[in-house]
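For reference, the chains in residue letters:
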Amino acid sequence: MTIDPARLLTLAVRLARQAGDLAYRMRSEAASGSALQVDTKSTPTDVVTAADRAVERLVLSELRRERPHDAILGEETGQHDVTDREESRVRWIVDPIDGTVNYLYGIPQYAVSLAVEVDGEVVAGVVRNPVTGQEWTAIAGQGAWRDGTRLTGSRCTDLSQALVATGFGYDAQRRAYQGEVIARLLPKVRDIRRFGSASLDLCMTAEGIFDAYFEKGLKAWDLAAGGLIAKEAGLQVTGLRGQPAGPDMTLAAPAALHQGLHDLLVELDADGGP
Ligand code: IPD
Ligand code: CA
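Remember, predicted model here, so these are calculated numbers, not experimental data.

Chemist: In this structure, what is going on with the sheet that holds strand β12 (residues 191-193)? I would like to understand it.
Modeler: Where strands meet in a sheet, backbone hydrogen bonds hold them as pairs that are either parallel or antiparallel. Across the sheet, 5 strands lie side by side as β12-β11-β13-β15-β14; this open sheet has mixed pairing. This sheet does not close on itself; its edge strands, each paired only once, are β12 and β14 (236-238). Pairwise comparison of adjacent strand axes, ignoring direction, gives a mean angle of 20 degrees for this sheet. Looking at chain direction, strand β13 (residues 212-215) and strand β15 (residues 250-253) are connected through 3 bridges and run antiparallel. Paired with E215 across the two strands is T250, which belongs to β15.

Set out below in structure tokens:
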């Protein structure tokens, strides 16, 4: 049976809007961050709110209804395989709220990120900021879009003039190491930005707002949709030393900046350390 990525994207967009509305409503009703029910995950600074869980539950239950034979990977609930029939070719990758710390603090920089894989390749993705209503989408081989505008990345060609976005992990030792890398990178670029949502960082790089982005430690749900959007905007989305983008390193940059930033990150051993 043929699988149509455009139809999968249509569903993903509908779910991202429903999910984003729920996240936004729960945040408004909580009024202040302290009214949100919060637990911690890998470290005391790695938080999960009741909204992360409720939004993921909503997406999972809608997917179960609409696409009962697809597998799902959710940040908060892990992998859901389909056991009652032959292995599904389709897998959904769900980050209910990317930028949870921003969400907790009421900073309007968080997103719902939904991606769809077919046979292990991401074929469609949507990232939606429920506060601004901005929505980025891509289908593999068909370009990346933000609300009807085609995305083509930055035209910057000089690394010393590049505004580079990045992010930090939740583990204290890893952060210390990442801070050292940034200290040595900072004199070589225009400036750096740490906005706190990897999927939005990738989308803003796809849009050319940031000239480039890199981060060590991304999980599948941080990278899947935003990575496709960046790639479809014409950016090179890779790891270091010929590796694919992934947990060790994700670097997204236009061709004119990619090699220079890549080589600098190798020199700084940005994918090393804890
Ligand atoms: C985090 C954000 C952050 C990035 C971290 C992610 P979460 O995701 O995307 O910008 O630096 O690597 O874990 O925890 O808010 O879903
Ligand atoms: Ca998340």
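Chemist: Sorry if this is basic, but what is going on with the nonpolar core here?
Modeler: The nonpolar side chains of soluble globular proteins are, as a tendency, buried together. Counting residues in hydrophobic clusters, the biggest one holds 35 residues, and the most contacted among them are V59, L63, W92, Y103, L114 and V126. Those elements giving two or more residues to this core turn out to be α1 (5-30), α2 (50-66), β5 (90-98), α3 (100-105), β6 (111-118) and β7 (121-128). The element best represented in this core is α1, accounting for 11 residues. For Y103, the residues in contact, after removing those within four places along its chain, are A23, M26, R27, L36, T49, A51, I97 and Y110.

Chemist: Even after reading the chapter, I still don't get the coordination of the calcium ion (ligand 2), so can you show me in this structure?
Modeler: Think of it this way: four donors in a tetrahedron around the metal ideally sit 109.5 degrees apart, and six in an octahedron ideally sit 90 or 180 degrees apart. All of the protein donors around the calcium ion (ligand 2) are E75 (OE), D95 (OD) and I97 (O); their distances to the metal are 2.1 to 2.4 Å. On the primary sequence, the residues serving as donors to the calcium ion (ligand 2) are separated as E-x19-D-x1-I. With respect to class, D95 is no different from I97; both count as buried.

Chemist: Explain the site of ligand 1 to me, please; I cannot follow it from the model alone.
Modeler: By nearness alone, 15 residues border ligand 1, and D98, G99, Y170, A198 and E215 come closest of all. I97 is positioned with one of its backbone polar atoms (N or O) 3.3 Å from an oxygen atom of ligand 1. Interatomic distance of 2.6 Å between a side-chain N/O atom of E215 and an oxygen atom of ligand 1. When ligand 1 is considered free in solution it has 380 Å² of accessible area, and contact with the protein chains removes 94% of it.

Rules used throughout
Residues numbered from 1 in each chain as written. Chains lettered and ligands numbered in written order. Predicted model: local features only at pLDDT ≥ 70, side-chain atom pairs only at ≥ 80, totals over all residues. Heavy atoms only, no water. Pairing = 2+ DSSP bridges. Helix = DSSP H or I, 4+ residues; strand = E, 2+ residues; numbered from the N terminus. Axes fitted to C-alpha atoms, helices over the stretch in contact; angles between N-to-C directions. Core = buried A, V, L, I, M, F, W, Y, C linked by side-chain atoms within 4.5 Å. Buried < 20%, exposed > 50% of the residue type's maximum accessible area, 1.4 Å probe, protein only. Contact = heavy atoms within 4.5 Å. Donors = N, O, S within 2.8 Å, 3.2 Å for Na, K, Ca; no water. Near = heavy atom within 4 Å. Polar contact = N/O pair within 3.5 Å; in protein donor to acceptor, adjacent residues only side chain to side chain. Areas by Shrake-Rupley, 256 points an atom, 1.4 Å probe, with all protein chains shown as cover.

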